[in-house]
Amino acid sequence: MRHRQRRRRRPGGPSQITARLTIPFVGEISGTWEPADAERSAAWELYLQLVTRVSVEELGDDEGFLREALSSFYTFFDTTRDILRRHGPDIAPPVPPGHISFAVLAVTVLNRVLRPLLASWHPRLAAYESQRPEGHDPVAWEREWEHADALRGAIAEVRRALRLLARTLQEVAGVGDLIDLPAPRTPEDAPTRANRGTPPRRFKQVLTLRTLLRTLPKSEVALAA
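K.L.:
I'd like a description of the sheet that holds strand E3 (residues 99–100), backed by residues and values.
P.N.:
Pairing is mixed across the open sheet formed by 3 strands, whose spatial order is E1-E2-E3. Looking at which strands have only one partner, the edges of the open sheet turn out to be strand E1 (17–23) and E3. Bridge count for strand E2 (residues 27–33) against E3 is 2 bridges, and the pairing is parallel. Looking at the pairing, Thr32 lines up with His99 of E3. In this fold helix H3 (residues 102–129) packs onto E1, E2 and E3, with an angle of close to 10 degrees to the strand it touches most, E1. Those strands touched by helix H5 (residues 148–173) are E1 and E2, and its axis lies near 165 degrees from that of E1.

See the structure below:
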């Protein structure tokens, strides 16, 4: 029996969305976006740039390299300007009050989100890096900086803004989620004849707790909640 090949719908994206962008330490801008085809194309390009950089990945206190994050923001700045230049006026149409365009969002990110961070922190970090003793590990030296936590906090604020931008671009481009991708399965999670039907180890505690709650009297369950 022949199976028909499933035809995929070409993503088109919504005809209108409400876009919102948080500007660290300032506030937010929002408005109605009615994207044209050129804006959808530009949205996909910028979305792809965001999800393939460290720009939208949250880092723990002992993770990452601040210099790498700033360098990524610098290259993203140049890439965004290149997208604006290549797509031209079609992505910057005149819009009435309460409406926005791709260009409005992109330029706002450059001038209100990235530029203040880079202008303030790049020279300060560079000055500190220049004092690193020969042979001293650069990551360890960076983490010894008295302003490292403050810069990490500023980067986290910018990342939150870029993540919100990425979600907006994803919606406009009409594409799937490339930010929160499922984690690959480890060999211990793969079902075998012996453990088939047994939940992975990370779920056992949750299931055990649910089973326990079902065995308690209702009054004790209320207290436990």
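K.L.:
So what about the packing of aromatic side chains? Which residues, and what values?
P.N.:
How two aromatic rings sit relative to each other is set out by the distance from centre to centre and by the angle between their planes. This model, assessed by the stated rule, comprises 4 aromatic pairs. Between Trp121 and Trp145, the aromatic rings sit 6.0 Å apart at their centres with planes inclined by 90 degrees, giving edge-to-face as the arrangement. One end of the pair, Trp121, is in helix H3; the other, Trp145, is in the loop between helix H4 (138–143) and H5, and 24 residues separate them in sequence. Across the pair, Trp145 and Trp121 agree in class, each one buried. One aromatic cluster in this structure is built from Trp121, Tyr128, Trp141 and Trp145. One Lys or Arg, Arg124, reaches over the ring of Trp121 and ends 4.1 Å from the middle of that ring.

K.L.:
Help me get a handle on the confidence of the model for the protein chain, residues and values and all.
P.N.:
For the protein chain, per-residue confidence averages 79 on the pLDDT scale, and 71% of positions sit at 70 or higher. With pLDDT under 50 throughout, residues 1–11 is counted as low confidence; its partners more than four residues away or in other chains account for 2 contacts. This stretch, residues 218–225, has a pLDDT under 50; its non-local contacts, to residues over four places away or in other chains, come to 3 contacts.

K.L.:
Quick one: what's the story with H5, residue by residue and with numbers?
P.N.:
Relative to the 38 Å expected for 26 residues at 1.5 Å per residue, H5 spans 36 Å between its end C-alpha atoms, a close match to the ideal helical length. Looking one or two places after H5, you find Gly174, whose phi comes out positive at around 70 degrees.

Each value, and the rule that gives it
- Residues numbered from 1 in each chain as written.
- Predicted model: local features only at pLDDT ≥ 70, side-chain atom pairs only at ≥ 80, totals over all residues.
- Heavy atoms only, no water.
- Pairing = 2+ DSSP bridges.
- Helix = DSSP H or I, 4+ residues; strand = E, 2+ residues; numbered from the N terminus.
- Contact = heavy atoms within 4.5 Å.
- Axes fitted to C-alpha atoms, helices over the stretch in contact; angles between N-to-C directions.
- Phe/Tyr/Trp six-rings, centres within 6.5 Å; stacked < 30°, edge-to-face > 60°.
- Buried < 20%, exposed > 50% of the residue type's maximum accessible area, 1.4 Å probe, protein only.
- Lys NZ or Arg CZ within 6 Å of the ring centre and 35° of its normal.
- pLDDT = per-residue confidence, 0-100.
- Expected span 1.5 Å × (residues − 1).

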